[in-house]
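# Structure at a glance
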Amino acid sequence: MYLEVGVDELVVELCRDLIRIDTSNPGDHSGPGERKAAEYVAEKLESVGIKTTLLESHSKRTSVIARIEGEDPSRDALLLHGHLDVVPAQASDWTHDPFSGEIADGCVWGRGAVDMKDMDAMILATVMDRARTGRKPKRDLVLAFLADEEAGGKFGAHWLVDNHPGLFEGCTEAVGEVGGFSLTVPGDRRLYLIETAEKGLAWMRLKAVGTAGHGSMVHSDNAVSELARAVARLGEHRFPIRLTKTVQRFLEQVCEAYGVEFDPRDPEACLPYLGSLARMIGATLRHTLNPTRLDAGYKVNVIPQEATAEVDGRFLPGLEKDFFEQVDALLGDKVTREFVHYDIAVETDFEGGIVGAMEEALTWADPGAIPVPYCLSGGTDAKSFAQLGMTCFGFAPLKLPPELDFSGMFHGVDERVPIDGLQFGARVLDRFLDHA
């Protein structure tokens, strides 16, 4: 069936099939895992003669790797990567069942529709079509469909990089998620945001220790009180604006598109032009830190000896030291911190042949396209591949309707991707591989 349809039909069917495979990842191996989805991907690639390797770091954490020979194997290889896991979803909250792959209102609905089974389907559809028509890419491609990204990649990309780096031999550049999507601006034009940077990640557990005792007595070293004060200081703190090169260039181009002057003394003045994207872009102007969990005690009249909290910290590229100095000053000397999960920030220049190939493919498909670099407020598996020396980009191209709250789709209820946007992405990716 799949070999009998065009890419436009193929990418939609692949996306729907992948969404129907529940790969929810709660972060503790209690979910279904990626094995079934990995086997599905491998079967589709093998059906067009692309040899695959399945690797598992855990019985439920399965990744798929494949290598496709290019026209010039002497050139450095290119990695295309996507993750197979998704965050959990509760069907009762959704308009359409999150694991049905329903088509409604011109969209494919379901968990993973934009994060990121759409890009998995684009990669699959593109390489399957090229394989069956005998069109080689310009250089070797390595494909990676990965486990565990939604829990930080410890059992997915990080594990592969640490234990099987040879699979990525020769890869100097990598292309993954959360980039290449459009933002409509005046004049029938669209900015296409290509990710060239992403903030670092510091999930931290805080701990305060005091003296246990009876709740009716006076206690001067109550661990709960000490921790609560520290958490409040962190939650109320607003880090100062620090413009990285990527963020400044993006905001300058937004202002140019709207015909207004960019003021580096007031970069937040640009945010209203971004609509719903302002939430994500606004978070790249400064470090952020949000308390997310509290835990202490076991009975109302017992003062516990220990209290803990967890916070989600994100730091700007090149400013990690500055972030932790501020965090430690806010914590004070009675509260300690340790990492639940840590990962690096990444940033690269918006230049070179691969960027040129992205720009050419976008403007070929959309004459109103204006490709621009941007910084992602979250994180992706690019953090793992950067540690192998790869230059990493987010480029999962989507031409979006201006009214769609795209950033709200990520981990949100009623996640969906426009069908014409999905088909646009497959065509752009195919064109990109002709020139990358």
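Preceding block: the structure.
Residues numbered from 1 in each chain as written. Predicted model: local features only at pLDDT ≥ 70, side-chain atom pairs only at ≥ 80, totals over all residues. Heavy atoms only, no water.

## Some details on the side chain of glutamate 34
Formally: Elements are defined by DSSP. Helices are runs of H or I of four residues or more, strands are runs of E of two residues or more, and each kind is numbered from the N terminus. Throughout, a contact is declared for two residues whenever any of their heavy atoms are within 4.5 Å.
Structurally, glutamate 34 can be placed in the loop between helix H1 (7-20) and helix H2 (35-46). Setting aside its immediate chain neighbours within four residues, glutamate 34 contacts Thr23, Asn25, Lys60, Arg61, Thr62, Leu84, Asp85, Ala147 and Asp148.

## Some details on unusual backbone geometry
Each neighbour pair has its own omega, and for aspartate 115 with methionine 116 the value is -10°, a cis peptide bond. Relative to the helices and strands, methionine 116 resides in the loop between strand S5 (107-109) and helix H3 (117-132). Here aspartate 105, not a glycine, exhibits a phi torsion of approximately 55°, which is positive. With respect to the helices and strands, the residue aspartate 105 is situated in the loop between strand S4 (103-104) and S5. At aspartate 148, a position not held by glycine, the phi torsion is positive, near 70°. Here aspartate 148 is to be found in the loop between strand S6 (141-146) and helix H4 (157-163).

## Describing the layout of surface pockets
Condition: Points on a 1 Å grid, built from protein atoms alone, make a cavity when a 1.4 Å probe fits but cannot get out and make a pocket when they are open with protein on both sides within 12 Å along at least 5 of 7 lines; residues with an atom within 4 Å of a point are the lining residues. Grid points are joined across faces, edges and corners, and a volume is the space filled by probe spheres set on the points. The residue classification treats Ala, Val, Leu, Ile, Met, Phe, Trp, Tyr, Cys and Pro as nonpolar and Asp, Glu, Lys and Arg as charged. All others, Gly included, are polar.
Of the voids in this model, the largest pocket is the one considered here, and its volume is about 680 Å³. Along its surface, the largest pocket is lined by 28 residues, and Arg314, Gly378, Gly379, Phe410 and His411 are the ones closest to its centre. Of all elements in the fold, only strand S10 (200-209), helix H7 (278-282), strand S15 (335-343) and helix H10 (382-386) reach the threshold of two or more residues within the lining of the largest pocket. Class assignment of the residues belonging to the lining of the largest pocket gives a composition of 9 nonpolar, 10 polar and 9 charged. For the second largest pocket, the calculated volume is near 290 Å³. The wall of the second largest pocket is formed by 13 residues, among which Pro26, Gly27, Asp148, Ala151 and Trp203 lie closest to the centre. Partitioned by chemical class, the residues of the lining of the second largest pocket number 6 nonpolar, 4 polar and 3 charged.

## Considering the packing of aromatic side chains
Under the convention used in this document: Pairs were defined over the aromatic rings of Phe, Tyr and Trp, the Trp ring being its six-membered one, requiring ring centres within 6.5 Å. Orientation was assigned from the angle between planes: stacked under 30 degrees, edge-to-face over 60, tilted for the rest. Buried residues are those whose accessible area, probed at 1.4 Å on protein chains only, stays under 20% of the maximum for their type, while exposed residues exceed 50% and partly exposed ones sit between those limits. Both a distance and an angle decide whether a charge sits over a ring: NZ of Lys or CZ of Arg must be within 6 Å of the ring centre and within 35 degrees of the ring normal.
Enumeration over the complete set of coordinates arrives at 14 aromatic pairs. A centroid spacing of 4.7 Å and a plane angle of 40° characterise the contact between phenylalanine 181 and phenylalanine 406, whose relative ring orientation is tilted. Highlighted residues: phenylalanine 181 in strand S8 (residues 181-185) and phenylalanine 406 in helix H11 (residues 406-409), separated in sequence by 225 residues. As far as the burial class goes, phenylalanine 181 and phenylalanine 406 line up, both buried. With 6.2 Å between their ring centres and 20° between their planes, phenylalanine 315 and tyrosine 342 make a pair best called stacked. Of this pair, phenylalanine 315 sits in strand S14 (residues 306-315) while tyrosine 342 sits in strand S15, placing them 27 residues apart in sequence. Overall, the relative accessible area of 30% leaves tyrosine 342 in the partly exposed class. Each residue in the set Phe239, Phe315, Phe323, Phe324, Phe339 and Tyr342 is aromatic and connected to the rest through ring pairs, giving one cluster. One residue, arginine 416, lies across the ring of tryptophan 109, its end atom 4.7 Å from the ring centre.

## What to know about empty space enclosed by the protein
In the structure shown here, the tally under the stated rule is 1 cavity of 30 Å³ or more. Of the voids in this model, the largest cavity is the one considered here, and its volume is about 50 Å³. Residue lining of the largest cavity: Val114, Met116, Asp118, Met119, Glu177, Val178, Gly179, Phe181, Ala396, Leu398, Phe406 and Phe410, and that is the complete set. Its residues assigned to classes, the lining of the largest cavity shows 9 nonpolar, 1 polar and 2 charged.

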